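Chain residues, written in single-letter form:
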Amino acid sequence: MQPVVLRTLRVAPLSVPLSSPFVIATARMEATRAVLVQVELVRDDGVAFFGLGEAAALPPVTREDQPELLAALGRASSALEGLAIGPAVVRASSHGVAGLGAPVEALLDRTFEGSWVARAAVESALLDAFARAQGVAVDRLLAGEGTLARRLHTDITLSIAGPDEMVEAARAWSARGFDCFKVKVGHAWQRDCDALRAVHDALPGKRFRLDANEGFSAKQALALLDGVLGAGLVVECFEQPCRRDDVAGMVEVTRGSAVPVVADESIRSMDDLEQILRTGAARGVNLKLVKLGGPLAALAVGRRAKAEGMGVMAGAMVETRLGLSAMAHVVSALGGVDWVDLDTHLLLASDPFVGGMGTEGPRVEVGDDGTLGLGCEARGPGLSF
Ligand SMILES: [Mg+2]
C-alpha cells in the first residue's frame, strides 16, 4: 500500500433535470442542485488516480444550496491540496473504522465545519480515488475482511399527491417490478390516508414505508397509522413523523405503535444517535451521507445502531447514480441494512454517469470483485471542470 498525495480538487455544478417535480412536506425541486467533486491522488511514481463525489443539496432539508457548496468547495481546494494519505494512518480512523486516517478526517472536519454536504462529497471522492489506488472497491476498503452485501433491493418513492395521481404513479412503478413504496406524507393525515388506501386497493400485496418529513403531531401520525393499518396495509416503518425538536412526539409515536419509527431529520451525528438511544425517540435510523458528513460517519453510525438492535435505513437526497453508489458501498460494507431507499436516480430525466451502482427495477448491484473505487465515471461534455 503506497502513500498518495492530493494533487487537485475540482468542482462543477451538477444540475440534472427531474422527469417530474419532487414534492415532500417541506420542499419541491425540479432539478438536482448538487456539486460534482473530482479529486486526483498521485502516487510516488507519478501514477494518478481520480475519484468523484456528489455534494447533493436539498434545501431546506440541507442548509446548503448549490451556490454555497460551490463557494465552500472552491475555498477548500487550496487548503486540501498536498494532503497525504498513507498506509500508516488508514486503520487509525477517528470513526473506529477503516478509512482515510484520523489526521485526514480531522482536517476535513475543520475545513468543512458547517457544511457537511460538501464534506461528504470530498470524503466520498477521496475514498473512491484511494480505493482505486489500492486496487479495490470502496466497500472492500471500508469493510476490510468483513462480509459484504452487494445485492440490495430498493423501495421506490411516491411524492405527496392525491389518490388518483398516487395510484397512477404506483401502477407505473409496479409494472417495472417495484413491490415496496416509500410514500411521502405529512401535509394532511386524512388526505394521506385516503391516498395510501387507494394505492393498497389498486395494488394489493405491496409493502409500504411512510415518511412525514417532520410534518405531523404525534396524534396525527398515530391517526394515520390507525387508518392505514385498519385498511390492511403492510407498513414496514414510519420515518420522521414529528419535528426533530419534538422529542416527546417522536417518543409517543414510537411507544404508540408496533410500526418502527425511523429517525431521519433527527439524526445528523453519532451524538444524535446516542440521544435517540437514551430517549427512545425511534427504533431505527436513516443514514444519509450528506447529513452525517460522509461514508465513514455513516458506516460508524450504522454499525453502532445495528449493535444496539436498531433498524437501519439507507437513504439519499435527490441524488444521481454517483451519490447513490457511495451510499450503496456503505450499505454493502455494513453487511446490509433493513430498509434500502436508493431510488432517486429513477427521478432524473438523464444520467450523467456510467458504471457505479447497477440497477434493474428494484434490484441494486453494488459492484463485484473487479470494481475499482465506486466504479462510477462522468460522461458527456456537460461535466467539464
Ligand atoms: Mg426521510
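Residues numbered from 1 in each chain as written. Predicted model: local features only at pLDDT ≥ 70, side-chain atom pairs only at ≥ 80, totals over all residues.

**Details of the domain arrangement of the protein chain**
Here's step 1: In terms of domains, the protein chain is made up of domain 1 (4-143) and domain 2 (151-378).
Here's step 2: Taken over C-alpha atoms, the centre of domain 1 sits 23 Å from the centre of domain 2.
Here's step 3: The interface is formed by 44 residues belonging to domain 1 together with 44 residues belonging to domain 2.
Here's step 4: Contributing elements (two or more residues each) for the side of domain 1 that touches domain 2: β2 (17-24), β5 (48-57), α4 (116-134) and α5 (138-143).
Here's step 5: Considering every element that reaches the side of domain 1 that touches domain 2, the biggest residue donor is α4, with 11 residues.
Here's step 6: Looking at the side of domain 1 that touches domain 2 residue by residue, the class counts come to 25 nonpolar, 12 polar and 7 charged. (Domains from an automatic or database assignment. Contact = placed C-beta atoms within 7 Å. Helix = DSSP H or I, 4+ residues; strand = E, 2+ residues; numbered from the N terminus. Nonpolar A, V, L, I, M, F, W, Y, C, P; charged D, E, K, R; others polar.)

**Concerning the environment of cysteine 237**
Here's step 1: Within the secondary structure, cysteine 237 sits in strand β11 (residues 234-239).
Here's step 2: Overall, the presence of 21 C-beta atoms within 10 Å leaves cysteine 237 in the buried class.
Here's step 3: The spacing of cysteine 237 and arginine 283 is 46 residues in sequence and 9.2 Å in space, taken between C-alpha atoms.
Here's step 4: Once residues within four sequence positions are removed from consideration, cysteine 237 is found in contact with Arg209, Val259, Pro260, Val262, Gly284, Gly311 and Trp339. (Buried ≥ 20, exposed ≤ 12 C-beta atoms within 10 Å, placed from the backbone.)

**Quick look at the packing of helix α12 (residues 295-307) against helix α13 (residues 321-333)**
Here's step 1: Two numbers describe how α12 lies on α13: the axes approach to 10 Å, and their chain directions differ by 35°. Between α12 and α13 the crossing geometry is right-handed. Counting all contacts with α12, which are made through Pro295, Ala298, Leu299 and Gly302, the residues of α13 involved are Ala326, His329, Val330 and Ala333. (Axes fitted to C-alpha atoms, helices over the stretch in contact; angles between N-to-C directions. Left-handed = near helix turned anticlockwise from the far one by under 90°.)

**Some remarks on α13**
Here's step 1: Across its 13 residues, α13 extends 18 Å between first and last C-alpha, which sits within 8% of the 18 Å expected from 1.5 Å per residue.
Here's step 2: Among the 13 residues in α13, 13 count as buried, and that is most of the element. (Expected span 1.5 Å × (residues − 1).)

**Focus on the nonpolar core**
Here's step 1: One finds Val37, Ala55 and Val285 to be the most contacted residues of the largest nonpolar core, which totals 129 residues.
Here's step 2: Looking at this core element by element, the count peaks at 13 residues for α4.
Here's step 3: When residues of this core are sorted by domain, at least three fall in each of domain 1 (4-143) and domain 2 (151-378). (Core = buried A, V, L, I, M, F, W, Y, C linked by C-beta atoms within 7 Å.)

**Thoughts on α12**
Here's step 1: Spanning 13 residues, α12 covers 18 Å between terminal C-alpha atoms, matching the ideal 18 Å at 1.5 Å per step.
Here's step 2: Of all the residues in α12, the buried ones are Pro295, Leu296, Ala297, Ala298, Leu299, Ala300, Val301, Gly302 and Ala305.
Here's step 3: Positive phi shows up at glycine 309, right after α12, with a value of about 80°.

**Considerations on unusual backbone geometry**
Here's step 1: At the junction of proline 59 and proline 60, the peptide bond is cis and its omega measures out at 10° in the coordinates.
Here's step 2: Looking at the secondary structure, you find proline 60 in the loop between β5 and α1 (66-80).
Here's step 3: The phi dihedral of asparagine 213 is positive, around 45°, even though this residue is not glycine.
Here's step 4: Take asparagine 213: it is sitting in the loop between β10 (207-211) and α8 (218-230).
Here's step 5: The exposure class of asparagine 213 is buried, given the 21 C-beta atoms found within 10 Å.

**A closer look at the packing of helix α6 (residues 163-175) against helix α7 (residues 189-202)**
Here's step 1: At a minimum axis distance of 8 Å, the contact between α6 and α7 shows a crossing angle of 40°. Between α6 and α7, the angle falls in the class oblique. The crossing of α6 and α7 is right-handed. For the pair α6 and α7, the contacting residues are Pro163, Met166, Val167, Ala170 and Arg171 in the first and Asp194, Ala195, Ala198, Val199 and Ala202 in the second.
Here's step 2: Residue composition of the contact of α6 with α7, by class: 8 nonpolar, no polar and 2 charged. (Parallel < 35°, antiparallel > 145°, perpendicular 65-115°, else oblique.)

**Some remarks on the confidence of the model for the protein chain**
Here's step 1: The predicted model of the protein chain has a mean per-residue pLDDT of 92, with 95% of residues at 70 or higher.
Here's step 2: In the predicted structure, residues 88-94 sits below a pLDDT of 50 and forms 19 contacts with residues beyond four places in sequence or in another chain. (pLDDT = per-residue confidence, 0-100.)

**Let's talk about the sheet that holds β5**
Here's step 1: The antiparallel open sheet is built from 4 strands, whose spatial order is β5-β4-β1-β6. The open sheet has two edge strands, β5 and β6 (84-85), and neither has a second partner.
Here's step 2: In this structure, strand β1 (residues 4-14) lies alongside strand β4 (residues 33-43), joined through 10 bridges in antiparallel fashion. Its bridge partner lying in β4, threonine 8 is registered against glutamate 40. (Pairing = 2+ DSSP bridges.)

**With respect to the sheet that holds strand β17 (residues 358-360)**
Here's step 1: Reading across the sheet, the 3 strands line up as β7-β18-β17 and stay open at both edges, with antiparallel pairing between neighbours. A single partner strand is all that each edge strand has here, and the edge strands are β7 (151-153) and β17. Across the sheet, the axes of successive neighbouring strands diverge by a mean angle of 25°, strand direction being ignored.
Here's step 2: In this structure, β17 lies alongside strand β18 (residues 363-365), joined through 3 bridges in antiparallel fashion. For glutamate 360, the partnering residue across the bridge sits in β18 and is arginine 363.

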